[in-house]
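# Observations on chain architecture
Listed below are the residues making up each chain.
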Amino acid sequence: MIRYTLIFLLLLSFSINAQNISGQAFYESKTTVDMDALGGGREMSEEMKKTVAQMMKSALEKTYILTFNKDESIYKEQEKLDAAPMNPGFKMMMSSYTPGAQYKNLKTGRIIEENEFFGKQFLVTDSIKSLDWQITKESKPIGQYIAFKATAIKKVDPNDYSMARPKKKDEKENAEIKKDTAQPQDPMDMIEIPEEIEVTAWFTPQIPVSNGPGEYAGLPGLILELNVYRTTLLCSKIVMNPKDSEKIEPPTKGKKVTREEYVKIVKEKTEELRENFQNRGGNGRRGGFGG
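Residues numbered from 1 in each chain as written. Predicted model: local features only at pLDDT ≥ 70, side-chain atom pairs only at ≥ 80, totals over all residues. Heavy atoms only, no water.

## Description of the pattern of salt bridges
So the rule is basically this: What makes a salt bridge here is a side-chain nitrogen of Lys or Arg within 4 Å of a carboxyl oxygen of Asp or Glu, nothing more. For the purposes of this entry, the term helix denotes a DSSP run of H or I that reaches at least four residues, the term strand denotes a run of E that reaches at least two, and both are numbered from the N terminus. Relative accessibility thresholds used throughout: buried, under 20% of the residue-type maximum; exposed, over 50%; partly exposed, between the two (1.4 Å probe, protein chains only).
Within this structure, the stated rule accounts for 13 salt bridges. Among the ionic pairs, lysine 155 bridges to glutamate 196, the shortest N-O distance being 2.9 Å. Of this pair, lysine 155 sits in strand 8 (residues 145-155) while glutamate 196 is found in strand 11 (residues 196-204), placing the two residues 41 residues apart along the sequence. For lysine 247, the salt bridge identified is with glutamate 249, shortest N-O distance 3.4 Å. A residue is classified by how much of its surface remains accessible, and lysine 247, at 61% relative accessible area, is exposed.

## Looking at the nonpolar core
Side chains of a nonpolar character, in soluble globular proteins, are inclined to be buried together. Selection criterion: Remark: nonpolar core denotes a set of buried residues (Ala, Val, Leu, Ile, Met, Phe, Trp, Tyr, Cys) joined through side-chain atoms within 4.5 Å. Should any heavy atoms of two residues lie within 4.5 Å, those residues are counted as being in contact.
Counting residues in each nonpolar core, the largest one holds 33 residues, and the members touching the most others are Trp133 and Leu222. When contributions to this core are tallied by element, the ones reaching two or more residues are strand 1 (22-31), strand 2 (63-69), strand 8, strand 11, strand 12 (222-228) and strand 13 (231-240). Residues in contact with tryptophan 133, not counting those within four places in the same chain, are Ala150, Thr151, Ala152, Val199, Ala201, Tyr216, Ala217, Gly218 and Leu219. Listed in part, the nine residues of the second largest apolar core include Phe117, Tyr262, Val266 and Leu273.

## Thoughts on unusual backbone geometry
Glycine aside, a negative phi is what most residues show, and trans is what most peptide bonds show. A positive phi angle, near 50 degrees, is found at phenylalanine 118, a position not held by glycine. Topologically, phenylalanine 118 is positioned in the loop between strand 5 (110-117) and strand 6 (120-127). Of note in this structure, asparagine 241 is not a glycine but carries a positive phi near 45 degrees. Within the element layout of this structure, asparagine 241 appears in the loop between strand 13 and strand 14 (255-258). Overall, asparagine 241 belongs to the partly exposed group, its relative accessible area being 45%.

By themselves, these figures tell us nothing about what the structure is for.
As structure tokens, then:
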């Protein structure tokens, strides 16, 4: 009974206090990687695993800032000096599927983001996807706030390579790969795109905005923690009503495309790279866009 009374009071505060609210939320991202699956069935030495793990850590452990008000937000990676050198090809591959600045307008239901794909800038427009959030009874403290758990199932576009993950192979496949390690393996055979994923969010009605990191929104309070597949985003600091904060404006850099057009471009370019890889026996070089 006490729990439901607390939830009611917090949700009541949402409608009362949301009018003139603004702030900045800082998120730390962490992604776990299955090193065995990443090897595509081939055994990796401990030294190689350590090298790859360090590269992945530098690429995947980042800090993001969400600057928000009642209706709008801008979400950006906090720039920092690389802690460790990274292979240029690996760095390009990782950045190709990582969005740049993301602007959300909750009133219009639109999201605009800057994406760089193989050296070319795109300005991707889309609608904010409405997830069927199921708010549970679970709660926990995150910093000074009380957060409540919500879950949702998200459908994944089969051509959305940003959701690609290493494909796990059975013992028979692994044995066949080990027999002929000299034969190059198609990189696209080493990944898979799930049909759907579970998203878990922890939100606090104490900050009454229906917003969160990245594309996620729609809960009765700011999302403080987000778990999507192997990636966790955890809010490490919140500054409410800051005197000096970035102006919330839609990004303008890049060629304007819809989400569908951008996914098509990524798909076609990925298939082109796959063909080049197969035609050159696995030694094909990455190419840019013409023009």
